[in-house]
Amino acid sequence: MVHWLRPHGNNWKFNTNSSFMTNQRKGGAGGIVRNISGNMTMAFAYPTQFYTNNFSEAQVAVIRITWCCDQQFDSLELDMDSMIIVQLIQGSVKPPWSLHNLIENIQKKMNQRNIQVNHCIREDNEVIDALAKYATTISDERILYTENDLPGKARDPLRMNKLHLPNFRRKTKKHSTWYYDPS
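Residues numbered from 1 in each chain as written. Predicted model: local features only at pLDDT ≥ 70, side-chain atom pairs only at ≥ 80, totals over all residues. Heavy atoms only, no water.

### Notes on the overall build of the protein
Formally: Put simply, DSSP H or I for four residues or longer makes a helix, DSSP E for two residues or longer makes a strand, and each gets a number counted from the N terminus. It is over C-alpha atoms that the radius of gyration is taken, and the globule rule equals 2.2 Å times the number of residues to the power 0.38. Should any heavy atoms of two residues lie within 4.5 Å, those residues are considered in contact. For the accessible areas, the method is Shrake-Rupley and the probe is 1.4 Å, while residue cover comes only from the protein chains on display. Just so you know, the count uses Lys and Arg for positive and Asp and Glu for negative, and it drops His and the chain ends. Note on charges: their place is set at NZ of Lys, CZ of Arg, CG of Asp or CD of Glu.
Within the protein one finds 5 helices and 6 strands. Beginning at the N terminus, the succession of helices and strands in the protein can be written as β-β-β-α-β-α-α-β-α-β-α. Whereas a compact globule of 183 residues would reach a radius of gyration of roughly 16 Å, the protein reaches 17 Å, a difference of no more than 12%. A principal-axis box enclosing the C-alpha atoms of the protein has dimensions of 70 × 40 × 35 Å. The contacts of the protein with a sequence gap of at least 6 include a subset with a gap of at least 24, amounting to 69%. Summing over all exposed atoms, the protein offers an accessible surface of approximately 10,600 Å²; the carbon and sulfur share of this is 50%. Taking the average location of the 22 positive side-chain charges in the protein and that of its 17 negative ones, the two points are 3 Å from each other.

As C-alpha cells, then:
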C-alpha cells in the first residue's frame, strides 16, 4: 500500500512524469502542483518528442520548475519516479554529457529557490502517470486549473490522494507466446 505524501509545512508538492508509446513512437509529459490539502493548483499534459526516458524526465522537470518559479511558487517539493534523474539532480551521480545542461539548469533553479527533489515510487505518481499517458493522445499542450478539467483516469486517483486512501499496484500477468513440448 502506498499513500500520496503531502508536502511539508507551507510547501507546494509538484509531481512530474513522462510516458512513451514505443510502438507508436509518441511521448507525453504530465505534471501537477498541489497544496498541503492535496488540492490541485495546476496540472499540465503535453506531447513530447520521442527521446530517451531520462532525457524526457529531466526535460519535463526543468520546463515545469521554470514555470513554477515564474509563478512565484516558493518552497517547492518536486517528486519524480525516476530514481536516476533524482540522483543526477541531487549530485550523487555525475550526469552524462547528453543530460549535463538540463541537470545543471535544474540545479541552478533549485539553488535560487527553496526546491527539494525527492524520489517517489510509481504507485505514488498515479495521477501524473495518467496525465502523461493522456498527453500521448493529444496534439497540443493542455494546462488544467480545475479537478474537473482532468481526464477521468487522473481525476479518480487525485480524489483518492486527497482522501489519503492507499494505492495498490495492479500487475497484469503476461503470458509467453512460446510453448515448449519436449516430446
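### With respect to the packing of helix 1 (residues 53–70) against helix 3 (residues 97–112)
Put simply, the rule is: Lines are fitted to the C-alpha atoms to define the axes, a helix being fitted only along its stretch in contact, and any angle between axes, read from their N-to-C directions, falls within 0 to 180 degrees. Between 65 and 115 degrees an angle is taken as roughly perpendicular, under 35 as roughly parallel, over 145 as roughly antiparallel, and anywhere else as oblique. Left-handed describes a crossing in which the near helix is turned anticlockwise from the far one by less than a right angle; the clockwise case is right-handed. Residues are grouped as follows: Ala, Val, Leu, Ile, Met, Phe, Trp, Tyr, Cys and Pro are nonpolar; Asp, Glu, Lys and Arg are charged; all remaining types, including Gly, are polar.
Helix 3 packs onto helix 1 with a crossing angle of 30° between their chain directions and a minimal axis gap of 9 Å. As far as their axial angle goes, helix 3 and helix 1 are roughly parallel. For the crossing formed where helix 1 meets helix 3, the hand is left-handed. Along its contact with helix 1, which presents N54, F55, A58, Q59, A61, V62, I65 and T66, the element helix 3 presents S98, L99, L102, I103, N105, I106 and K109. Looking at the contact of helix 1 with helix 3, its residues break down into 9 nonpolar, 5 polar and 1 charged.

### Some words on the state of the cysteines
Stated precisely, the cut-off is as follows: Working definition: a disulfide is two cysteine sulfur atoms within 2.5 Å of each other. Exposed residues in this analysis have more than 50% of their type's maximum accessible area, buried residues have under 20%, and partly exposed residues fall in between, with area computed by a 1.4 Å probe over protein chains only.
Applying the stated criterion across every chain yields a total of 0 disulfides. Among the cysteines around C69, which has no disulfide bond, C68 carries the closest sulfur, lying 7.1 Å off. On the accessibility criterion, C69 (9% relative accessible area) is buried. Not engaged in a disulfide, the cysteine C120 finds its nearest cysteine sulfur in C68; these two sulfurs lie 15 Å apart. For C120, a relative accessible area of 5% corresponds to the buried category.

### A word on the pairing of strand 4 (residues 76–80)
Note the cut-off: Between any two strands, pairing holds if DSSP finds at least two bridges.
Within strand 4, 5 of the 5 residues are buried, which leaves the element mostly enclosed by the surrounding structure. Of the two faces of strand 4, the one carrying L76, L78 and M80 and the one carrying E77 and D79 are both buried. Summarising the sheet, strand 1 (residues 12–21) and strand 4 pair through 5 bridges and their orientation is parallel. Bridged to W12 within strand 4 is L76. Bridging between strand 4 and strand 5 (residues 115–119) involves 5 bridges; their strand directions are parallel. In the strand pairing of strand 5, L78 is matched with V117.

### Notes on the nonpolar core
Which entries qualify depends on this criterion: We define a nonpolar core as any set of buried Ala, Val, Leu, Ile, Met, Phe, Trp, Tyr and Cys residues linked to one another through side-chain atoms lying within 4.5 Å.
If you look at the biggest cluster of nonpolar residues, it comprises 29 residues, and the most contacted ones within it are M80 and I89. Of all elements in the fold, only strand 2 (26–34), strand 3 (40–48), helix 1, strand 4, helix 2 (83–90), helix 3 and strand 5 reach the threshold of two or more residues within this core. When neighbours within four sequence positions are excluded, M80 is seen to be in contact with T16, E57, A61, I85, V86, I89, V117, N118, H119 and C120. Counting residues in hydrophobic clusters, the runner-up holds 14 residues, among them A43, I128, A135 and L144.

In short, the description is geometric, and any link to function would need to be established separately.
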